[in-house]
Amino acid sequence: MAMTDPVELRIRRLEAIADSLRDSGRALALLALGSAADTARLDRWSDLDFFAIVREGEKRAFIEDLWWLRAAGPIGWCYRNTVDGWKALYEDGVFLEFAVFEPGELAAIPFAPGRIVWQADGFDAALTEPRRVGGFQPADPDWLAGEILSNLYIGLARWRRGERLAGMRSIQVHALDNLLRLAEQTLPPAPDIGTDPFNPERRVERRHPDLAILLPDMAAGLAGCPRAARAILSWLERHATVPDAIRREILELAAD
């Protein structure tokens, strides 16, 4: 009987990939990351993030030939997105993002803690504990506030000049990303909703629902840059000190 539950499908696919690595005799472990590591978060929209850890001298073989993935199911599309790994889509809709490492490389790789799906006998599991903290690091709140204000001012100036795309990105990408980083330091998160150290926008709707209500204004689209800038500035004024001089300039540029 065909497996129709999308969560179960993803769990079983990861296990099948682990079996393929084990059967190769040349691999050491499969480390699941993200929602593949925290299966309580796994859902039908989840991709499978993982590291395949292989024996010294075997990395090239696993990178250049994906037979070990095809053993777990037919692949419909794939491309090599980094020197260490690929993104791939199985024909049944399971999407992968993975990298292949040898044990000696792991200490230099930034990644969040994961879950060992399979490990070879004698493998040192301590190697899968991150040595480098990855993702966005907490920054000084005053610095973040300053970055947000400069992102708004520069973005509005470019938008008024007619550089609509550049202005939109400065306001609704750079300023908003910095706002999300500041929110992590100033707003209490909803219980049991973790953050993603690599992507501050992940799960913000559940982690900070009061902020999420404001997102339609903060991310108002190409034509809505003044509206977005006003919404971001209004939030910032409630959570940081905004000097009058820069506030006046931003509001003048953001006027309808």
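Before reading on, note that the structure itself is shown above.
Enquirer: Can you walk me through the sheet that holds strand β1 (residues 27-33) in this structure?
Expert: On the basis of which strands lie adjacent, the open sheet formed by six strands has the order β3-β4-β5-β2-β1-β6 and mixed pairing. The outermost strands of the open sheet, each flanked by one partner alone, are β3 (75-80) and β6 (115-119). Strand-to-strand twist of the sheet, defined as the mean angle between neighbouring strand axes without regard to direction, takes the value 20 degrees. Relative to the sheet, helix α1 (residues 6-24) contacts β1, β2 (48-54), β4 (85-90), β5 (95-101) and β6, its axis offset from that of β1 by approximately 160 degrees.

Enquirer: Would you take a moment to explain the packing of aromatic side chains for this structure?
Expert: What describes a pair of aromatic rings is the distance from one ring centre to the other and the angle between the planes of the rings. Within this structure, the stated rule accounts for nine aromatic pairs. Summarising the aromatic geometry, the rings of phenylalanine 51 and phenylalanine 111 are spaced 5.2 Å apart at their centres and angled 75 degrees between planes, so their arrangement reads as edge-to-face. Residue phenylalanine 51 is found in strand β2, and its partner phenylalanine 111 is found in the loop between β5 and β6; the two are separated by 60 residues along the sequence. According to the relative accessible area criterion, phenylalanine 111 is buried, its value standing at 5%. Among the aromatic residues, those joined into a cluster by ring pairs are Phe50, Phe62, Trp67, Trp68 and Phe98. Above the ring of tyrosine 90, the side-chain terminus of arginine 13 is found at 4.4 Å from the ring centroid. Seen from the ring of tryptophan 159, arginine 164 lies directly overhead, with NZ or CZ sitting 3.7 Å from the centre.

Enquirer: Please explain the pattern of salt bridges as it appears in this structure.
Expert: Where charged atoms of side chains with opposite charge meet at close range, the side chains can pair. Summed over the entire model, instances satisfying the criterion amount to 15 salt bridges. For the salt bridge of glutamate 105 with lysine 59, the shortest nitrogen-to-oxygen distance reads 2.9 Å. Taken together, the positions of glutamate 105 in the loop between β5 and β6 and lysine 59 in helix α2 (residues 59-64) put the pair 46 residues apart, joining distant regions of the chain. Look at glutamate 105 and you get partly exposed, because its relative accessible area is 26%. Taken together, the shared-partner salt bridges in this structure form one network comprising Glu8, Arg12 and Glu15.

Enquirer: Just to check I follow, could you spell out helix α5 (residues 164-186) for this structure?
Expert: At 3.6 residues per turn, the α-helix brings residues three or four places apart onto the same side. Look at α5: 31 Å from first C-alpha to last across 23 residues, which is about the 33 Å you get at 1.5 Å a residue. The axis of α5 is deflected most strongly, by about 30 degrees, at leucine 176.

Enquirer: Is there a simple way to think about the packing of helix α4 (residues 141-161) against α5 in this case?
Expert: Look at α4 against α5: their axes get within 8 Å of each other, and the N-to-C directions meet at 165 degrees. The angle between α4 and α5 falls in the class roughly antiparallel. For the pair α4 and α5, the sense of crossing is left-handed. Of α5, the residues touching α4 (which contributes Pro141, Trp143, Leu144, Glu147, Ile148, Asn151, Leu152, Ile154, Gly155, Leu156, Arg158 and Trp159) are Arg164, Ala166, Gly167, Ser170, Ile171, His174, Ala175, Asn178, Leu179, Arg181, Leu182 and Gln185.

Enquirer: I keep staring at the pairing of β5 and nothing clicks. Help me out?
Expert: Taken residue by residue, a regular strand's side chains alternate between the two faces of the sheet. Burial analysis of β5 places five of its seven residues in the buried class, which makes it a mostly covered element. Of the strand pairs in this sheet, β2 and β5 are connected by six bridges, and their pairing is parallel. Along β5, the bridge assignment pairs phenylalanine 51 with alanine 99. One ladder, built from five bridges, connects β4 with β5; its direction is antiparallel. Opposite alanine 88, over in β5, you have leucine 96 as the bridge partner. Hairpin connection, β4 to β5: the antiparallel pair is bridged by four residues, and glycine 93 has positive phi, about 95 degrees.

Enquirer: Is there a simple way to explain the side chain of serine 24 in this structure?
Expert: With respect to the helices, strands and loops of the structure, serine 24 is situated in helix α1. Reaching out from serine 24, the side chain makes a polar contact with the backbone oxygen of leucine 21 at a distance of 2.6 Å. Apart from residues no more than four positions distant in its own chain, serine 24 is found in contact with Phe62 and Trp67.

Enquirer: I'm lost on α1 in this one. Help?
Expert: Over its 19 residues, α1 extends 27 Å from the first C-alpha to the last, a length consistent with the 27 Å expected when each residue adds 1.5 Å. For α1, the set of buried residues is Leu9, Arg10, Arg13, Leu14, Ile17, Ala18, Ser20, Leu21 and Ser24. N-capping of α1 is provided by aspartate 5, with a side-chain oxygen placed 3.3 Å from the backbone N of valine 7. The first or second residue beyond α1 is glycine 25, which carries a positive phi of 75 degrees.

Calculation criteria
- Residues numbered from 1 in each chain as written.
- Predicted model: local features only at pLDDT ≥ 70, side-chain atom pairs only at ≥ 80, totals over all residues.
- Heavy atoms only, no water.
- Pairing = 2+ DSSP bridges.
- Helix = DSSP H or I, 4+ residues; strand = E, 2+ residues; numbered from the N terminus.
- Axes fitted to C-alpha atoms, helices over the stretch in contact; angles between N-to-C directions.
- Contact = heavy atoms within 4.5 Å.
- Phe/Tyr/Trp six-rings, centres within 6.5 Å; stacked < 30°, edge-to-face > 60°.
- Buried < 20%, exposed > 50% of the residue type's maximum accessible area, 1.4 Å probe, protein only.
- Lys NZ or Arg CZ within 6 Å of the ring centre and 35° of its normal.
- Salt bridge = Lys/Arg side-chain N within 4 Å of Asp/Glu carboxyl O.
- Expected span 1.5 Å × (residues − 1).
- Bend = angle between axes of the 7 residues up to and from the residue.
- Parallel < 35°, antiparallel > 145°, perpendicular 65-115°, else oblique.
- Left-handed = near helix turned anticlockwise from the far one by under 90°.
- Polar contact = N/O pair within 3.5 Å; in protein donor to acceptor, adjacent residues only side chain to side chain.

Don't take any of this as a statement about function, it's just geometry.
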